[in-house]
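Examination of the molecular architecture
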Amino acid sequence: MQKTALTPYTHLPRAHHNRHVLTSTVDVFGAAHWLLGEHAPQPGGDVPPFDALVVSVHPGGSVELTELSAVRARWPHLDRLPDGGFVVAASRARRYEDSNQVQVFDALGRETSSFSVGDAIEHLLVDEAGHIWVGHFDENPAGIRRWSATGRLIWTSDDAHIPGLFDCYALNVSGTTAWACPYTDFPLVEIRPDRTDRPVRVWENRVRGAKAVAVHRDRVAFYGGYREEQDRLAHGELTETSVEPTDVGLLTLPNGSVVGRRRVVGRGSRIYVQAEPFTEWGVFDLSG
């Protein structure tokens, strides 16, 4: 089986390796961000608010530091807003409407607002317009939704007729477009809410269990899968109604070894992968 190695993308500066990586992401403009805390999250009750550091490494290599005050999320999601602020969200909400679940910080690290997007966040990705896309896992059947940075719900998959949308396994946000591959039917879904004539397109797909998806023109790649297929990289081509498989291989670390525990972020033609200990990002680019 053909192996494809990730290309090294960027890394957390060594000066910050003494802190715990709470989460990390790559934003819609290609900058990588690490949310760092003094201690690892502990199981149990409520988390006292704590200060955290965001280390941002831009595509040109410059490093930016932002101190966030009074972060409340134990298991956080992170992304950057186009105005330089940040969104930090707790993956679990204690109540269905927890007004403290999502915190919005300005570019100076001060909280400006908070709101709820619902329990069981699987993916949280900000687009170029500053909209927050949220996909949920199976403990919340809300599907896929798009929010404003002030907490206003501006698009929902409720009436989008996406087959088998029960758990948002894969979500890719690039520009202002989202691509998804949800459980249980695993269709490939393109979402363009601003395209009034056809905001949602759906392609039938036979690849099961992918955790990330990349799209470039009429080509698509799915990364991940169940059990022994967790490192699978499956390629396909888009027809009018379906994804036609072309070949299947494995995605490895740059040195050829298996990835192991990982984070993944889909952005257009790219899938960013971060392996434990979560200090380095590699990238697979379908357009390359």
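Please refer to the structure placed before this passage.
Let us look at the structure shown here. None of these values were measured; they are calculated from a predicted model. (Residues numbered from 1 in each chain as written. Predicted model: local features only at pLDDT ≥ 70, side-chain atom pairs only at ≥ 80, totals over all residues. Heavy atoms only, no water.)

Counting buried residues along strand S21 (residues 232-238), 6 of its 7 residues qualify, which places the element largely inside the surrounding structure. Pairing geometry for strand S20 (residues 219-223) and S21, over 5 bridges, is antiparallel. Bridge assignment links Phe222 to a residue of S21, and that residue is Ala234. Strand direction decides the pairing type here: S21 and strand S22 (residues 243-252), joined by 7 bridges, are antiparallel. Its bridge partner being in S22, Glu237 is matched across the sheet by Glu244. The hairpin turn running from S21 into S22, its antiparallel successor, is 4 residues long. (Buried < 20%, exposed > 50% of the residue type's maximum accessible area, 1.4 Å probe, protein only. Helix = DSSP H or I, 4+ residues; strand = E, 2+ residues; numbered from the N terminus. Pairing = 2+ DSSP bridges.)

A few words now on unusual backbone geometry. For residues other than glycine, phi is negative in most cases, and the peptide bonds are mostly trans. A cis amide bond links Tyr183 with the next residue in sequence, Thr184, at an omega value of 25°. For the bond running from Glu276 to Pro277, omega is 15°, close enough to zero to count as cis. Residue position: Pro277 is located in the loop between strand S24 (270-275) and strand S25 (280-285). Within the chain, Ala120 stands out as a residue other than glycine whose phi angle is a positive 65°.

Within the secondary structure, His77 is located in strand S7 (residues 76-80). Of the residues examined, His77 reaches a relative accessible area of 17% and is grouped as buried. Polar contacts involving the side chain of His77 include one to the main-chain carbonyl oxygen of Ile121, which spans 3.2 Å. Setting aside chain neighbours within four positions, we find His77 in contact with Thr23, Val87, Val88, Ala89, Ser91, Ile121, Glu122, His123 and Leu124. (Polar contact = N/O pair within 3.5 Å; in protein donor to acceptor, adjacent residues only side chain to side chain. Contact = heavy atoms within 4.5 Å.)

Next up on the list: the sheet that holds strand S11 (residues 121-126). One open sheet holds the 4 strands; their spatial order is S11-S12-S13-S14, and the pairing between them is antiparallel. With partners counted over all chains shown, the strands left at the sheet margins are S11 and strand S14 (153-156), one partner each. With direction set aside, neighbouring strand axes in the sheet form an average angle of 20°. Taken together, the 3 bridges between strand S13 (residues 144-147) and S14 define a ladder with antiparallel strand orientation. For Arg146, the partnering residue across the bridge sits in S14 and is Trp155. (Axes fitted to C-alpha atoms, helices over the stretch in contact; angles between N-to-C directions.)

The tally for this structure, following the rule as stated, stands at 10 aromatic pairs. Note on Tyr169 and Phe186: the rings are 5.1 Å apart at their centroids and 75° apart in plane angle, and the pair reads as edge-to-face. Taken together, the residues Tyr169 in strand S15 (residues 167-174) and Phe186 in the loop between strand S16 (177-183) and strand S17 (188-191) connect sequence positions 17 residues apart. By relative accessible area, which is 2% here, Phe186 ends up buried. One cation-aromatic arrangement involves Lys211 over Tyr169; the distance from NZ or CZ to the ring centre is 4.0 Å. Above the face of the Phe278 ring, Arg263 is positioned so that its terminal group lies 4.2 Å from the ring centre. (Phe/Tyr/Trp six-rings, centres within 6.5 Å; stacked < 30°, edge-to-face > 60°. Lys NZ or Arg CZ within 6 Å of the ring centre and 35° of its normal.)

Summed over all chains, the structure comprises 0 disulfides. No disulfide involves Cys168; its nearest neighbouring cysteine sulfur is the one of Cys181, lying 8.9 Å away. With a relative accessible area of 1%, Cys168 lands in the buried category. Exposure remark for Cys181: the relative accessible area of 0% places this residue in the buried category. (Disulfide = S-S within 2.5 Å.)

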